[in-house]
Amino acid sequence: MTNNNNITPKCTLYLAPSTIPNAGLGVFTSIALPSGALLPGGGDAAIPISDLDFHNAGSHNAEDYHWLPSEYSWSPSSLGDVMDYEADQTSGLSWGYGALPNCHFWMINVEESKCDYDTVGITPRNSPGAGAFTGHYNRLAHASEDIRAGGELFVSYGENWFVTRENYMGLIPAGEDFEVGEEFVKKVGLLFQSLSVGNEVQADIWTMIINSPYKSRPLAALPKTYDAAIRAIDVGITQTEEEQAIHSLEYLEQHGKCLDHIQPKNSTIPHAGRGAFATRFLPKGTVVSSAPLIHIPDRDILIMYADSDDGETRDPSKPIGQQLLLNYCWGHSSSSLLLCPYSHGTPFINHDGKDPNVKIQWMENDKRYHNSSWLNEPVSFFDSVWTTNLMFEYVALRDIQDGEEVLVDYGREWEEAWNDHVKAWKPDEDYVSPHDLNTNLDLPLKTHEEGASMYTTIDGFHTDARNGERKIHRIRARRPYQKNQDDGFVYDLEVIGSGNQVKRVNGATRSQMHFFHKPYEADIFRKGSFRHEMMIPDEMFPSAWRNL
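Residues numbered from 1 in each chain as written. Predicted model: local features only at pLDDT ≥ 70, side-chain atom pairs only at ≥ 80, totals over all residues. Heavy atoms only, no water.

S.K.: Tell me about unusual backbone geometry, residues and numbers included.
M.R.: With phi around 65 degrees, Asn22 is a residue other than glycine that occupies positive phi space. Within the element layout of this structure, Asn22 appears in the loop between β1 (13-17) and β2 (25-29). Backbone geometry places Asn500, a non-glycine residue, at a positive phi of 60 degrees. With respect to the helices and strands, Asn500 occurs in the loop between β24 (489-496) and β25 (502-508). Assessed through its relative accessible area of 65%, Asn500 is described here as exposed. (Helix = DSSP H or I, 4+ residues; strand = E, 2+ residues; numbered from the N terminus. Buried < 20%, exposed > 50% of the residue type's maximum accessible area, 1.4 Å probe, protein only.)

Now the structure itself:
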């Protein structure tokens, strides 16, 4: 579709039907974005999911249990350095740009950074909110190519993502397949030139090619219609695909859902971490956010268990907590079903039970976004559904000012659980934050003789150009050194070298060291960290879902 330059868009970012057939929804920009431009809306966060197969005694890849979040999860290495250290097997659910855009390997135009790690100064030493929210945040998205106004945004899922889903997605072409397709289209163009046949015969030939029973990824990369094939012969597949991957601004205004009414900042709510703030004036009744929902039919999937005596399997009689994801999902006390929003910025919206400025409601029926017939299906229906098609709207209850924090009522049960948690919480005076050690280089380290046992929950690593990264075994000595611009000291270390041999490193500086929580020692794993789903109001919760 062509753009209407007379349209002034209300938003910069829209959720709308994808230009890729059968791909559901996509993300579109209403303004032209030059290569390298930071995409609007601020950075996304990522929620770590730890040892899920272990805790469920099965494999979600083998569908031993239903786990739709796997469709929206990323490897820990793609999300930052910290998540890799947190548990034996970890993935990260990243919302916003990490979940909403589609992948088209011939038109990747968005690249995402890794997450930073920061808990906004909230630690077990000073706040009952420690471990209740993710510290993996600020995953930024940039345009990797010039993107036209109205253009769809595409990220790379990685080729393996599609390979592991061939049984229901079919053969999805990768970059090299489009290159093969490009060459094939050129040859077809030469064939058409050599034949003395009209357009109808050419169209029949192209239809026969596209409908070949011998399926392949290069075949899937070819234009699907004769008209598109003729255009590709003239200008190439790349330009043809780009011309099709665009909605008019008028279309986005009429059919799209605004994605950039809110952005993340540090919350004004004590102990809450980060929050969502209005990016413009939002009058009463405005749909502040339209949030697709990931369904989890069995909430017990999020329960975490202690090891059994053999150390290889879980002990189902010893639950020790729940996955952090629970805090980002909505549920109801009479149902096993959880619904987890993944729209841009929506999971940052915090609680206010007295004066919320938004409420949640179901979107009106529109099967492109929200299939209201699902509200009448039993929870068992969702066990075999591997797509999302439910959506919340966060609607302004009053005028919301530009820069005001957006707040919703999580429900009475959630608030009572939080208040009980706050009353029972006690500060951990001995807690040491690896983030503080990494960012405050003026903070001297304790040596082994000085009681470095305070670092028992932390792993340290020393890096130099010759040996790379090696784990610190002990800090043996600290010596003043005025030329060191870190903390004014240099350190003598014992590090674990090749073959697990302990090696001595003298004169190490703070900037050569980096610290992580040891596996299962991060705040989210601490006993008693707050966990509770947000509560869907009783009057909007479907009776068909009440299975408890």
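S.K.: So what's going on with the state of the cysteines? Which residues, and what values?
M.R.: Going through the model one piece at a time under the given rule, you end up with 2 disulfides. At a sulfur-sulfur separation of 2.0 Å, the disulfide partner of Cys11 is Cys258. Taking the sign of the S-S torsion, -110 degrees for the link of Cys11 and Cys258, the bridge is left-handed. You can see Cys11 sitting in the segment before β1 and its partner Cys258 sitting in strand β10 (residues 257-258), a full 247 residues away along the chain. With respect to burial, Cys11 and Cys258 carry one shared label: buried. Disulfide partner of Cys329: Cys340, at an S-S distance of 2.0 Å. An S-S torsion of about 90 degrees defines the bridge between Cys329 and Cys340 as right-handed. Remark: Cys340 occurs in strand β17 (residues 338-341) and Cys329 occurs in the loop between β15 (314-322) and β16 (330-331); sequence separation between them is 11 residues. The same class applies to Cys329 and to Cys340, which are both buried. Numbered by order of appearance in the sequence, the disulfide-linked cysteines of the protein chain pair as 1-2, 3-4. (Disulfide = S-S within 2.5 Å.)

S.K.: Residue-level account of the side chain of Asn484, with values.
M.R.: With respect to the helices and strands, Asn484 occurs in the loop between β23 (468-480) and β24. A distance of 3.0 Å separates a polar side-chain atom of Asn484 from the backbone nitrogen of Asp486. Dropping the residues within four chain positions of it, Asn484 is found in contact with Phe489, Val490 and Thr509. (Polar contact = N/O pair within 3.5 Å; in protein donor to acceptor, adjacent residues only side chain to side chain. Contact = heavy atoms within 4.5 Å.)

S.K.: Account for helix α10 (residues 237-244), naming residues and giving values.
M.R.: Buried within α10 we find Ile237, Thr240 and Glu241. The buried residues of α10 occupy an angular sector of 95 degrees when projected down its axis, which confines them to one face. Here the buried face of α10 lies against α6 (175-194) and α9 (226-235). (Arc of directions from axis to C-beta.)

S.K.: Which residues make up the packing of α6 against α9, and what values go with them?
M.R.: Where α6 contacts α9, the axes come no closer than 9 Å and their chain directions differ by 95 degrees. When the axes of α6 and α9 are compared, the pair comes out roughly perpendicular. In this structure, α6 contributes Val185, Gly189 and Phe192 to the contact, and α9 contributes Tyr226, Ala229, Ile230, Ala232 and Ile233. When its residues are assigned to classes, the contact of α6 with α9 shows 7 nonpolar, 1 polar and no charged. (Axes fitted to C-alpha atoms, helices over the stretch in contact; angles between N-to-C directions. Parallel < 35°, antiparallel > 145°, perpendicular 65-115°, else oblique. Nonpolar A, V, L, I, M, F, W, Y, C, P; charged D, E, K, R; others polar.)

S.K.: Tell me about the sheet that holds strand β5 (residues 90-94), residues and numbers included.
M.R.: Within the open sheet, the 3 strands sit side by side as β3-β5-β4. Their pairing is antiparallel. The outermost strands of the open sheet, each flanked by one partner alone, are β3 (46-50) and β4 (73-74). Here 5 bridges tie β3 to β5, and the two strands are oriented antiparallel to one another. Note on β5: the bridge partner recorded for Pro48 is Gly92. (Pairing = 2+ DSSP bridges.)

S.K.: Tell me about the pairing of β5, and name the residues and values.
M.R.: The side chains of a regular strand alternate, residue by residue, between the two faces of the sheet. Of all the 5 residues making up β5, 4 are buried; the element is thus mostly covered by neighbouring parts of the structure. The pairing of β4 with β5 spans 2 bridges and is antiparallel. If you follow Trp74 over to β5, its bridge partner there is Gly92.

S.K.: Talk me through the packing of α6 against helix α7 (residues 199-210); I want residue IDs and the actual numbers.
M.R.: For any two helices packed against each other, the geometry comes down to the angle between their axes and how far apart the axes lie. Across the interface, α6 lies against α7 with an axial gap of 11 Å and an inter-helix angle of 150 degrees. Between α6 and α7, the interaxial angle falls into the category roughly antiparallel. Here α6 runs over α7; the crossing is right-handed. Here Phe184, Val185, Val188 and Phe192 of α6 lie close against α7, whose contacting residues are Gln202, Ile205, Trp206 and Ile209. (Left-handed = near helix turned anticlockwise from the far one by under 90°.)

S.K.: Which residues make up the pattern of salt bridges, and what values do they have?
M.R.: Where charged atoms of side chains with opposite charge meet at close range, the side chains can pair. According to the stated counting rule, one finds 21 salt bridges in the structure shown. Here Glu404 ties to Arg398 by a salt bridge, and the two come within 2.7 Å at their closest N and O atoms. Close ionic contact of Asp428 with Arg526 constitutes a salt bridge, the shortest N to O distance being 2.6 Å. On the criterion of sequence distance, the pair formed by Asp428 in the loop between α12 (412-424) and α13 (434-439) and Arg526 in the loop between β26 (513-517) and β27 (534-535) is long-range, its members being 98 residues apart. On the basis of relative accessible area, Asp428 is assigned to the partly exposed category, the value being 23%. Residues participating in the shared-partner salt-bridge network are Glu449, Arg476 and Glu494. (Salt bridge = Lys/Arg side-chain N within 4 Å of Asp/Glu carboxyl O.)

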